[in-house]
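The primary structure of each chain is shown beneath.
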Amino acid sequence: MAPLVGVLALQGGFDAHLKMLRELGADVREVRVPADLEGLDGLVLPGGESTTMTLGIAREGLAEPLGEIVRTGIPVLGTCAGLIMLDRDHLGLMDIVAKRNAFGRQIRSFEADLDFPDLDAPVHAVFIRAPWIEEHGPGVEVLASVDGHPVAAREGAITVVAFHPELSGERRLHERFLDRVRTRVASR
Ligand code: GLN
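Presented here is an overview of the structure given in this document.

Here we come to the site of the ligand. Gly47, Gly48, Glu49, Ser50, Cys80, Ala81, Ile84, Arg100, Asn101, Ile128, Arg129 and His164 make up every residue found near the ligand. Measuring from an oxygen atom of the ligand, one finds a backbone N or O atom of Ala81 at 3.0 Å. Between a nitrogen atom of the ligand and a main-chain N or O atom of Ile128, the distance comes to 3.0 Å. For the ligand, whose free accessible area comes to 300 Å², the fraction covered by protein is 94%.

Turning to helix H1 (residues 14–23), a few remarks are in order. Three or more residues of H1 are buried, namely Phe14, His17, Leu18, Met20 and Leu21. Buried residues belonging to H1 abut strand E1 (4–8), strand E2 (27–31), strand E3 (42–45), strand E4 (76–79) and helix H5 (172–186). One or two steps after H1, the chain reaches Gly25, where phi turns positive at roughly 100°.

Mapped onto the secondary structure, Leu119 falls in the loop between strand E6 (109–114) and strand E7 (123–128). A relative accessible area of 8% means that Leu119 is categorised as buried. A C-alpha to C-alpha distance of 21 Å links Leu119 and Ile133, two positions 14 residues apart in sequence. Excluding residues within four positions of it along the chain, Leu119 makes contact with Arg172, Leu173 and Arg176.

Side chains Gly42 and Val44 of E3 all project onto a buried face; the interleaved residues Leu43 and Leu45 project onto the opposite face, where all are buried too. Pairing analysis gives 3 bridges linking E1 to E3, with the strands arranged parallel. When the bridges of E3 are listed, Val5 appears paired with Gly42. Summarising the sheet, E3 and E4 pair through 3 bridges and their orientation is parallel. Paired with Leu43 across the two strands is Val76, which belongs to E4.

What counts as what
Residues numbered from 1 in each chain as written. Predicted model: local features only at pLDDT ≥ 70, side-chain atom pairs only at ≥ 80, totals over all residues. Heavy atoms only, no water. Near = heavy atom within 4 Å. Polar contact = N/O pair within 3.5 Å; in protein donor to acceptor, adjacent residues only side chain to side chain. Areas by Shrake-Rupley, 256 points an atom, 1.4 Å probe, with all protein chains shown as cover. Buried < 20%, exposed > 50% of the residue type's maximum accessible area, 1.4 Å probe, protein only. Helix = DSSP H or I, 4+ residues; strand = E, 2+ residues; numbered from the N terminus. Contact = heavy atoms within 4.5 Å. Pairing = 2+ DSSP bridges.

Honestly, it's all geometry; don't read function into it.
And the structure:
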C-alpha cells in the first residue's frame, strides 16, 4: 500500500510538493485542520511566508496536534518557511533557531549547487528569501551550508532545507524522505 503523506496546505508552496510526492508513488493529503493529521505516515511543511503560516496554525488550532504527531517520530520534511516553522521560536519541534530572510531582503532569490553527505551528485538548490540556521543543538546534524551557514540539517526523523527542491526538479530529497516513510510503515 502507498504511504500517506500530509502536506501543510494553509498557505505557500504546497502544490509542488503534492505533485512530486504523487509522482513518487505516495498518497497525499492536504493538511488544513487537525483531523487531516490523522493516520499520516509522513508530513511535509512547505515554503511560503512563516508569519502567515503561524497565524493560520493558530487559527486552526494546529500547533498542538502537529506537535503530537511529529513527536510520534513520523518522518518530517520542512522546506524554507517549513524550516522556520519547526524551530525553537515557532513550533519548537527541532533544536534549531532559524534566521529569516538571512541572505538579505534584497537578494530575493539565488541558486547554488550543494554537496550532501549521502548523495553522489550535488543538489541544485533554489533559494527564495531563504532562512539559514543561526543556532542548533548537539543533536542536529548539518547536511549542507552556504558560506558557512547551515541550510540543510537533520535531527531524528526531521529533515529541513532552507531551499526549494520541489522547484528545481530535484527529486532525491523527497525520494529519501519517502524511503524513511516506507521503512517506518514496514516496521510497524
Ligand atoms: N522569507 C519567508 C519567511 O520568512 C520564507 C521564504 C520561503 O519559504 N521561500 O517566512
